[in-house]
Protein chains: 4
Amino acid sequence: MKPILSILGGDMRQVHLARLLLEDGKDVMTWGLEQGGAPKGVSLDRALEGDVLLLPLPVCRGERLNLPLTDTELEASRLWPRLRYDQLLLGGMTGDLGRRLMTDHGLTLLDYYSREEAQVANAVPTAEGAIQLAMESTDRTLHASRCLIIGYGRIGRLLADRLLALGAEVTVSARKYGDLAWIQAWGCQSVQTGALTGQLERFDLIFNTAPALILDGTRLRETREDCVIIDLASAPGGVDQTAARRLGRQVILAPGLPGKVAPRTAAAAIRDSIYHILEERGEPI
Amino acid sequence: MKPILSILGGDMRQVHLARLLLEDGKDVMTWGLEQGGAPKGVSLDRALEGDVLLLPLPVCRGERLNLPLTDTELEASRLWPRLRYDQLLLGGMTGDLGRRLMTDHGLTLLDYYSREEAQVANAVPTAEGAIQLAMESTDRTLHASRCLIIGYGRIGRLLADRLLALGAEVTVSARKYGDLAWIQAWGCQSVQTGALTGQLERFDLIFNTAPALILDGTRLRETREDCVIIDLASAPGGVDQTAARRLGRQVILAPGLPGKVAPRTAAAAIRDSIYHILEERGEPI
Amino acid sequence: MKPILSILGGDMRQVHLARLLLEDGKDVMTWGLEQGGAPKGVSLDRALEGDVLLLPLPVCRGERLNLPLTDTELEASRLWPRLRYDQLLLGGMTGDLGRRLMTDHGLTLLDYYSREEAQVANAVPTAEGAIQLAMESTDRTLHASRCLIIGYGRIGRLLADRLLALGAEVTVSARKYGDLAWIQAWGCQSVQTGALTGQLERFDLIFNTAPALILDGTRLRETREDCVIIDLASAPGGVDQTAARRLGRQVILAPGLPGKVAPRTAAAAIRDSIYHILEERGEPI
Amino acid sequence: MKPILSILGGDMRQVHLARLLLEDGKDVMTWGLEQGGAPKGVSLDRALEGDVLLLPLPVCRGERLNLPLTDTELEASRLWPRLRYDQLLLGGMTGDLGRRLMTDHGLTLLDYYSREEAQVANAVPTAEGAIQLAMESTDRTLHASRCLIIGYGRIGRLLADRLLALGAEVTVSARKYGDLAWIQAWGCQSVQTGALTGQLERFDLIFNTAPALILDGTRLRETREDCVIIDLASAPGGVDQTAARRLGRQVILAPGLPGKVAPRTAAAAIRDSIYHILEERGEPI
């Protein structure tokens, strides 16, 4: 039998998720998304009867459920006792919450965001969002601009590909020889992260994707005055903000791009991930 | 001997032009650009002594010189009598002004914008600007979106290439068999403009580059409600605005993108064009 | 009523043309293609009864019809008197033969190869064929190789795009500023043809597409010993063969690539061109 | 002090390796490569005095050293006793030979080919070689052809990128959801390997990169008669040869492409890998 999917709170991605699931013919209820215009809104009591509860991304902000699109507030600790062990909870960036819910309440919480396919699918809007930010914050084209990407993870790879395709001159820094070989194989210039010092002056744009303080004061001093720096790493990011301010460098912090620039695409990634989880557990979808 | 270049008015492109010419070691004076922070500002009297007078793009707005970056106003008809026949005037989108100035005042005015290399160099920021607008106005990624480009001129070609590289599914419409063959050779789907009717429902984004009313009421009715239309053609554009409003379609008018999204790149195009004109006339540069 | 299409002689492209027309459900007869395994072979008498006569590409070799796939020979001058004024003759690279046939015999001969769409559609296999030759004749990858393309016509454009995509470092030379701007817009290095001298040593591969003697002795002397030169221009090509031999440079002459490397694709281009001609003349297809 | 590098046997890659090391100013001796025109040839006795001994790729063919470019034969078992524990041995595809040499003879043998950067660097010429083979074995262009790539490892990824860039319609099959997400992020069609059955008829070309029997008799029967299959997996490959022969399918076995199509590039990959090994061991280079 088709499970009833309850979407509890979250941002515009959850609103789009509701629409996408409806388009697929699923049984959907939503709660806590009324300011986003989500369909199928119900009361919390009703929503908690769902077979699968789809929690926000991230699940909580502090002690409360992550509810930016409603005026209601909800302590997470008051939610868990109301749930049943036979319900499946799916949330984003759940960290160790899954383990705690199982131990304390016997609840099953799985992460729809940590799966490789979700990470990749989110890297696409992140790379596009970074390009949009770069376009908005410079007075030149990306075409013929000299770009440095720090880090060659998922986002670095896709960003390098897209920038190259737009006609930028792309250099990517990485630590491992294998990554350097990949960077060259994809047609970019490569540089070992450790050897960046002394090479930074020529870049019009620097994108940081590495979760490490690569752009410290010494390196920032090497960048040009009109260099634009876009930091895509999660907080605390990879740029020494104090030094950047002192030097007058423009640093754009850009965490959480998918939900901002392409919530519909981000929602589709969540949807797919949810389907894969259900499929792997042998649940009906 | 090095000619003295006077930049008279214009927008941020002229400000960047002044900087770029200075970086090249040219003798530059500017007038009418003070709100843009242009270097080397002088009085109008002084500016009119230059050997080469660089006029705005377009030269005039109505009867007046195009002066968005100063509080002064200047009737064009009062400017011409103050110029000498041995000065070279260079302006953008001069239309038939050159012929009139020669006939009425014996002045030589050439167009730095109509040359093929300037048109191509401006198509690059136009294509990028269109992509930026598309990113800003949709809630999905360009990646995997279905895009239609109407018209396969300079802008259409570059835009198709960039969209394809970003992972969009790109269809381009054109009238001539030769253009349709080019569209296929570049890896896009092609459709004859006349055969567009009946095929419009599947597009998430439509970019019009053709200076003709292709998207009339009948065709607009075929587009999806959430379809975003970006009109890059000069006024009056290629979209029936009244019908679009009535149908609730989002139409973004986007003329003059290079000066808005990448004035520095647009200025470099003007600079190169100026150099080519001087070189071809055997003038010193 | 459906016209009867007679294919008279030609190479493997005509054999594939016969198959493609049959796949489209056309009425087809062939003559002079038996060694290529063409379907629907008939006698010459029979073939000459067709409504549309599809002649080879090129139509003649010297005084004879171009018949590489049969042992029969046929003087062209003996063929024309046997044709009727109400038959439509279509041939490839017809030069001034069309005018002569009209004047001398009242026959209508049109060229299916000179149309823009046919030229573009043939540039695709030419560019691919050039890449295949380059791969076969070097002991390194195209990836990371330094390539020069002389000339920015149809073939130059597509070849530049494909080489760039394979990871080569691509420089294109052209004469006109407009072309140089296009070359840069597509992400390649540009160089004015006149300024090539002094820059040739760094190239691993040189592709000539220009119908002019650019690579004379002086310039060839500048190329590296292990430089491979692929001449795609029609005879006499753009390379001083004598000088190249004396210098020991490897020059690969590669005219007529589409028929050699991708006869099926080349045949599809001819087919499309034929359909367009018939359509424009209001003939049934 | 600079180490003396002895290259012992191998194919054209080792000949190019000798040249590349000399270009870098290294101390090089070679033995067993005379038919390839290798520089610095010496006697075996002399060669065995090197500080670093560079063995072939693979090291042995059966019981003998892999010596295709000399008439001499050399039992591997007679070589090892002549080497000293303070010499560094580097070979390609060493398998468990390293462990055996250490146990039996106290010798240190490391693999210059198994490192990630060498594998990536070799995937580039493999992908190009596959494209060359595909061009040579079809009568159509890769442009507009429908290609299936089975497997999304290093070679699959690069091959997909290159084919797409040449204008092919590219589908890639993989097992894992993460890989399927990557395939889509790069702009290709994805299909789960398990779901290939029933979808094979539409492909003009199939490239197998997976070391598993995916193309068994059942699936081969689904392919079109004129489908060309290129098997890039190591022996025994991924195609049921018997079934293919019976069905008349053209299967091209293509192991070891880098050494065949681009030995110079393959040699550069080996050189880089050797430098990295020496650097990581703190040896002088």
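Above this text is the structure in question.
Position numbers for residues start from 1 in each chain and track the written sequence from start to end. Chain letters and ligand numbers both follow the written order, the letters beginning at A and the numbers at 1. Totals for whole chains, interfaces and linings use every residue, but because this is a predicted model, local features are given only for residues with pLDDT of at least 70 and side-chain atom pairs only at 80 or more, for both listing and counting. Heavy atoms from the whole structure form the basis of all side-chain values; hydrogens and water molecules are not counted.

A. The arrangement of the pairing of strand β13 (residues 250-253) of chain C in detail. Residues and elements named next belong to chain C. Strand pairing is assigned whenever DSSP identifies at least 2 bridges connecting the two strands. What counts as a helix is a DSSP run of H or I of at least four residues, what counts as a strand is a run of E of at least two, and both are numbered from the N terminus. As paired elements, strand β12 (residues 228-231) and β13 share 4 bridges and run parallel to each other. In the sheet register, Val228 faces β13, and the bridge partner there is Gln250. A crossover gets the label right-handed when its path from the first strand over the helix to the second runs clockwise, viewed with the strands pointing away from the viewer. Crossover β12 to β13 through helix α9 (residues 241-247) is right-handed.

B. Expanded view of the relation of the copies chain C and chain D. Least squares is the method used to superpose the copies, on C-alpha atoms of residues holding a pLDDT of at least 70 in both. In the superposition of chain C on chain D (RMSD 0.1 Å, axial shift 0.0 Å), the rotation amounts to 180°. A rotation of that kind, with that shift, is consistent with a two-fold axis.

C. Spatial organisation of the environment of Ile155 of chain C. All names here are of chain C. By secondary structure assignment, the location of Ile155 is in helix α6 (residues 154-165). Under the relative-accessibility criterion, Ile155 is labelled partly exposed at 22%. A contact between two residues is defined here by any heavy atoms of the two lying within 4.5 Å. Leave out the neighbours within four places in its chain, and Ile155 touches Ala123, Thr126, Thr209 and Leu232. The buried label goes to any residue with under 20% of its type's maximum accessible area, the exposed label to any with over 50%, and the partly exposed label to all in between, with areas taken from a 1.4 Å probe on protein chains only.

D. Highlighting the sheet that holds strand β10 (residues 189-192) of chain B. Residue and element names in this part refer to chain B. Spatially, 6 strands are ordered β10-β9-β8-β11-β12-β13 in an open sheet, and the strand pairing comes out parallel. Two strands lie at the open edges of the sheet, namely β10 and β13 (250-253), each paired on one side alone. The mean angle between the axes of side-by-side strands here comes to 20°, regardless of whether they run parallel or antiparallel. As defined by bridge partners, strand β11 (residues 205-208) adjoins strand β12 (residues 228-231) across 4 bridges and the pair is classed as parallel. If you follow Asn208 over to β12, its bridge partner there is Asp231. A fitted line through C-alpha atoms serves as each axis, taken over the contacting stretch for helices, and the angle formed by two N-to-C directions is quoted from 0 to 180°.

E. View of the interface of chain C and chain D. At the junction of the two partners, chain C supplies 23 residues and chain D supplies 23 residues. Around 2100 Å² of area is buried between chain C and chain D when both sides are counted, 56% of it from carbon and sulfur atoms. Accessible area that two parts lose when put together, evaluated with a 1.4 Å probe and summed over both, is termed the buried area. Together, Glu128, Met135 and Asp139 of chain C form the three largest contributors to the area buried by chain C at its contact with chain D, with a combined 29%. Elements that contribute at least two residues to the side of chain C that touches chain D include exactly α5 (116-137), α6 and α11 (263-280) of chain C.

F. Just unusual backbone geometry, in detail. Omega for the peptide link from Ala235 of chain B to Pro236 of chain B comes to 10°, which places this bond in the cis form. Looking at where Pro236 of chain B falls in the secondary structure, it is placed in the loop between β12 and α9 (241-247). Here the phi dihedral of Lys40 of chain C falls at roughly 60°; this positive angle occurs in a residue that is not glycine.

G. View of the side chain of Asp231 of chain B. All names here are of chain B. Inspection of the secondary structure puts Asp231 in strand β12. Despite its burial, Asp231 remains without a salt bridge, the nearest opposite charge being carried by Arg245 at 11 Å. Polar side-chain contacts of Asp231 include one of 2.8 Å to the backbone nitrogen of Gly238. Filtering out sequence-adjacent residues up to four positions away, Asp231 remains in contact with Asn208, Gly237, Gly238, Val239, Ile252, Leu253, Ala254 and Pro255. For the purpose of charge, His is not counted, nor are the chain termini; Lys and Arg are scored as positive and Asp and Glu as negative. Salt bridge, as used here: a side-chain nitrogen of Lys or Arg that lies within 4 Å of a carboxyl oxygen of Asp or Glu. In the analysis that follows, any N or O atom pair within 3.5 Å is treated as a polar contact, provided that within protein one partner can donate a hydrogen and the other can accept it, and provided that, for residues neighboring in sequence, both atoms belong to side chains.

H. Here's a closer look at the interface of chain A and chain B. The interface of chain A with chain B comprises 23 residues on the first partner and 23 residues on the second. Summed over the three residues of chain A that lose the most area to chain B, namely Glu128, Met135 and Asp139 of chain A, the buried surface amounts to 28% of that side. At the surface where chain A touches chain B, the tally comes to 0 salt bridges. Taken together, the links from chain A to chain B amount to 10 residue pairs in polar contact (both at pLDDT 80 or more).

I. Structural detail: the relation of the copies chain A and chain B. Between the two copies, chain A and chain B, the superposition gives an RMSD of 0.0 Å; the rotation angle is 180° and the shift along the axis is 0.0 Å. Taken as a fraction of all interface residues of chain A, those also at the interface in chain B reach 100%, which identifies the copy contact as same-surface.

J. Structural detail: the sheet that holds strand β2 (residues 27-31) of chain B. Residues and elements named next belong to chain B. Spatial ordering of the open sheet is given by β2-β1-β3-β6-β7, a layout of 5 strands whose pairing is parallel. Edge positions in the sheet fall to β2 and β7 (108-111), since each has one partner strand and no second. Between one strand axis and the next, the sheet turns by 25° as a mean value, whatever way the strands run. Its contacts with the sheet place helix α1 (residues 12-23) against β1 (4-8), β2 and β3 (52-54), and it is angled at close to 165° to β1.

K. Up close: the pairing of strand β8 (residues 146-150) of chain D. All names here are of chain D. Extensive coverage of β8 is indicated by the burial of 4 of its 5 residues. Across 5 bridges, β8 lies against strand β9 (residues 169-174) in parallel orientation. Residue pairing for β9: Leu148 is matched across the bridge by Thr171. Handedness of the β-α-β unit built from β8, helix α6 (residues 154-165) and β9 comes out right-handed. With 4 bridges connecting them, β8 and strand β11 (residues 205-208) associate as parallel partners. For Ile150, the partnering residue across the bridge sits in β11 and is Asn208.

L. Representation of helix α6 (residues 154-165) of chain A. Given the number of residues in a helix, its expected span is that number minus one, multiplied by 1.5 Å. The end-to-end C-alpha separation of α6 of chain A is 17 Å, in line with the 16 Å expected for 12 residues at 1.5 Å each. Inspection of α6 of chain A places Gly156, Leu158, Leu159, Ala160, Asp161, Arg162 and Leu163 of chain A among the buried residues, and these make up the whole buried set. Buried positions along α6 of chain A lie against α5 (116-137), β8 (146-150), β9 (169-174) and β11 (205-208) of chain A, α6 (154-165) of chain B together with α7 (177-185) of chain D. At the C-terminal side of α6 of chain A, Gly167 of chain A shows a positive phi close to 95°.

M. Expanded view of the pattern of salt bridges. The full count for this structure, using the stated rule, is 80 salt bridges over all chains. Between Glu283 of chain A and Arg281 of chain A there is a salt bridge, with its nearest N and O atoms 3.4 Å apart. What makes Glu283 of chain A partly exposed here is its relative accessible area of 33%. Here Arg281 of chain A falls in the partly exposed class, since its relative accessible area comes to 41%. For the salt bridge of Asp204 of chain C with Arg146 of chain C, the shortest nitrogen-to-oxygen distance reads 3.7 Å.

N. View of the packing of α5 of chain A against α6 of chain A. All names here are of chain A. Orientation of α5 relative to α6, taken along the N-to-C sense of each, is 45°, at an axis distance of 8 Å. Judged on the interaxial angle alone, α6 and α5 are oblique. Considering the relative orientation of α5 and α6, their crossing is right-handed. Across the interface between the two elements, Glu116, Gln119, Val120, Ala123, Val124, Thr126, Ala127, Ala130 and Ile131 of α5 pack against Arg154, Ile155, Leu158, Leu159, Arg162 and Leu163 of α6. Note on residue categories: nonpolar means Ala, Val, Leu, Ile, Met, Phe, Trp, Tyr, Cys or Pro, charged means Asp, Glu, Lys or Arg, and polar means any other residue, Gly included. Taken together, the residues of the contact of α5 with α6 sort by class into 10 nonpolar, 2 polar and 3 charged. Relative orientations are named as follows: roughly parallel for angles under 35 degrees, roughly antiparallel for angles over 145 degrees, roughly perpendicular for angles from 65 to 115 degrees, and oblique for any other angle. By convention, the crossing between two helices is left-handed when the near helix turns anticlockwise from the far helix through less than a right angle, and right-handed when the turn is clockwise.

O. Here's a closer look at the side chain of Asn208 of chain D. Residue and element names in this part refer to chain D. With respect to the element layout, Asn208 can be found in strand β11. There is a polar contact of 3.0 Å between the side chain of Asn208 and the side chain of Asp231. Once you skip the residues sitting within four places of it in the chain, Asn208 turns out to touch Ile150, Ile214, Ile230, Asp231, Leu232, Ala233, Gly237 and Gly238.

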